[in-house]
Amino acid sequence: MEDGRLIPLSYISQYCFCKRRAGLLLIERQWNENEYTAAGRLEHEKVHIQNTERRQGTVFMSDMQVTSRKLGLSGKCDMVEAHPDPCGTVFPFLGEEKYILFPIEYKHGGLRSNAEYELQLCAQALCLEEMYGCRIEKGALFYIGSHRRKEVTFTDEYRELTAKTAESLSKMLEEGRVPAAETAAKCGRCSLNDICMPGVSGSAGEYMDKVYASFKEVQE
Ligand code: SF4
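Fair warning: this is a prediction, and the values are worked out from it, not measured in the lab.

Visitor: Please give an account of the overall build of the protein chain that cites residues and values.
Guide: Looking only at helices and strands, one finds 7 helices and 7 strands in the protein chain. Element order for the protein chain, N to C, with α for helix and β for strand: β-α-α-α-β-β-β-β-α-β-β-α-α-α. Within the protein chain, the fraction of its 220 residues that count as buried is 45%. The contacts of the protein chain with a sequence gap of at least 6 include a subset with a gap of at least 24, amounting to 61%. Of the roughly 12100 Å² that the protein chain leaves accessible, carbon and sulfur atoms contribute 51%.

And the structure:
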């Protein structure tokens, strides 16, 4: 971002899930918990403990802070594994040996396919690449409920889509306009359903302005 503001990296996944949801959270600072967000938050809290551990040559770094000036994003990786590899990169904080980094994002529930989580993971990899001048080919989503990993390859297509999503997010924030609702099946599990009111055009703020205006008219 030109003015140096950084957007929390998790908004990549919010924006990919629903542009309006990202706008309500980021621009109008709306929040509402439901069973899905509560389960995700509680499971995530358990893994957010900063720690570095070495096991059989691999280094496990949890809750690692990452930033990308190019993408205008900043956030945390739940876990980054560093695998020793002669074709890898030297990381000052890991000594003189070469490593390949492998980011892992924890998600609640069982193994499933979620493009928005894969883009969020790709954004983490792009941040790490920019910070340490390395190349990261793969990462994984770890589904806490089923203890299963889904490996994700950071293809050129994914990299491009992640960069475009970051650019759209930044543009949305700059314009300060919440996108219109895209009513779909996902609205049923969205914690912002009551605030969003899918079917009503414009932002929740604009809608409330209209409600207040008509309320005033009745009173006058
Ligand atoms: S209710 Fe639907 S349109 Fe509204 S924010 Fe949630 S997912 Fe998006």
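Visitor: Can you tell me about unusual backbone geometry, naming the residues and giving the values?
Guide: Although it is not a glycine, Gln-56 adopts a positive phi angle of roughly 45°. The residue Gln-56 is located in the loop between strand 2 (51-55) and strand 3 (58-68) in this model. Residue Gln-56 is classed as exposed on the basis of its relative accessible area, which comes to 85%. Phi is positive for Asp-63, which is not a glycine, with a value near 55°. Relative to the helices and strands, Asp-63 is located in strand 3.

Visitor: So what's going on with the packing of aromatic side chains? Which residues, and what values?
Guide: Considering all chains together, one arrives at 4 aromatic pairs under this definition. Aromatic pair Phe-91 and Phe-93: ring centres 5.9 Å apart, planes at 45°, arrangement tilted. The class of Phe-91 is buried, set by a relative accessible area of 0%. Pairing Phe-91 with Tyr-132 gives two aromatic rings, centres 5.6 Å apart and planes at 75°, and the pair type is edge-to-face. Separated by 41 residues along the polypeptide, Phe-91 in the loop between strand 4 (73-90) and strand 5 (98-107) and Tyr-132 in helix 4 (residues 115-132) bring together distant segments of the chain. According to the relative accessible area criterion, Tyr-132 is partly exposed, its value standing at 24%.

Visitor: Can you explain helix 4? Please cite residues and give values.
Guide: A rise of 1.5 Å per residue sets the reference length of helix 4, with its 18 residues, at 26 Å; its end C-alpha atoms lie 26 Å apart and thus fit the reference within 8%. Most of helix 4 is tucked away, with 14 of its 18 residues classed as buried. Following helix 4 by one or two positions, Gly-133 has its phi on the positive side, about 60°.

Visitor: Describe the nonpolar core, and please don't skip the residues or the numbers.
Guide: In terms of nonpolar packing, the biggest core is built from 47 residues, with Met-61, Leu-101, Leu-128 and Leu-169 touching the most fellow members. The greatest single-element share of this core, amounting to 9 residues, is contributed by helix 4. Look past the residues within four positions of Leu-101 in its chain and what remains in contact with it is Met-61, Val-80, Glu-81, Ala-82, Phe-91, Leu-128, Cys-134, Ile-136 and Lys-138. Membership of the second largest hydrophobic core comes to 8 residues, among which are Phe-102, Tyr-106, Ala-140 and Phe-142.

Visitor: Hey, could you go over the packing of helix 2 (residues 19-26) against helix 5 (residues 156-175) for me, with residue numbers and the actual values?
Guide: The interhelical angle for the contact between helix 2 and helix 5, taken along N-to-C directions, is 50°, at an axis separation of 11 Å. Classified by the angle their axes make, helix 2 and helix 5 are oblique. Seen along the crossing, helix 2 lies across helix 5 with a hand that is right-handed. Residues Lys-19, Ala-22, Gly-23 and Leu-26 of helix 2 form the contact with helix 5, whose own contacting residues are Leu-169, Met-172 and Leu-173. Of the residues in the contact of helix 2 with helix 5, the class split is 5 nonpolar, 1 polar and 1 charged.

Visitor: Which residues make up the pairing of strand 6 (residues 138-143), and what are the values?
Guide: In terms of burial, strand 6 is largely enclosed, as 5 of its 6 residues are buried. Taken together, the 4 bridges between strand 5 and strand 6 define a ladder with parallel strand orientation. By the bridge assignment, Tyr-106 is partnered in strand 6 with Phe-142. Of the strand pairs in this sheet, strand 6 and strand 7 (residues 148-153) are connected by 6 bridges, and their pairing is antiparallel. Bridged to Tyr-143 within strand 7 is Arg-148.

Cut-offs and rules
- Residues numbered from 1 in each chain as written.
- Predicted model: local features only at pLDDT ≥ 70, side-chain atom pairs only at ≥ 80, totals over all residues.
- Heavy atoms only, no water.
- Helix = DSSP H or I, 4+ residues; strand = E, 2+ residues; numbered from the N terminus.
- Buried < 20%, exposed > 50% of the residue type's maximum accessible area, 1.4 Å probe, protein only.
- Contact = heavy atoms within 4.5 Å.
- Areas by Shrake-Rupley, 256 points an atom, 1.4 Å probe, with all protein chains shown as cover.
- Phe/Tyr/Trp six-rings, centres within 6.5 Å; stacked < 30°, edge-to-face > 60°.
- Expected span 1.5 Å × (residues − 1).
- Core = buried A, V, L, I, M, F, W, Y, C linked by side-chain atoms within 4.5 Å.
- Axes fitted to C-alpha atoms, helices over the stretch in contact; angles between N-to-C directions.
- Parallel < 35°, antiparallel > 145°, perpendicular 65-115°, else oblique.
- Left-handed = near helix turned anticlockwise from the far one by under 90°.
- Nonpolar A, V, L, I, M, F, W, Y, C, P; charged D, E, K, R; others polar.
- Pairing = 2+ DSSP bridges.

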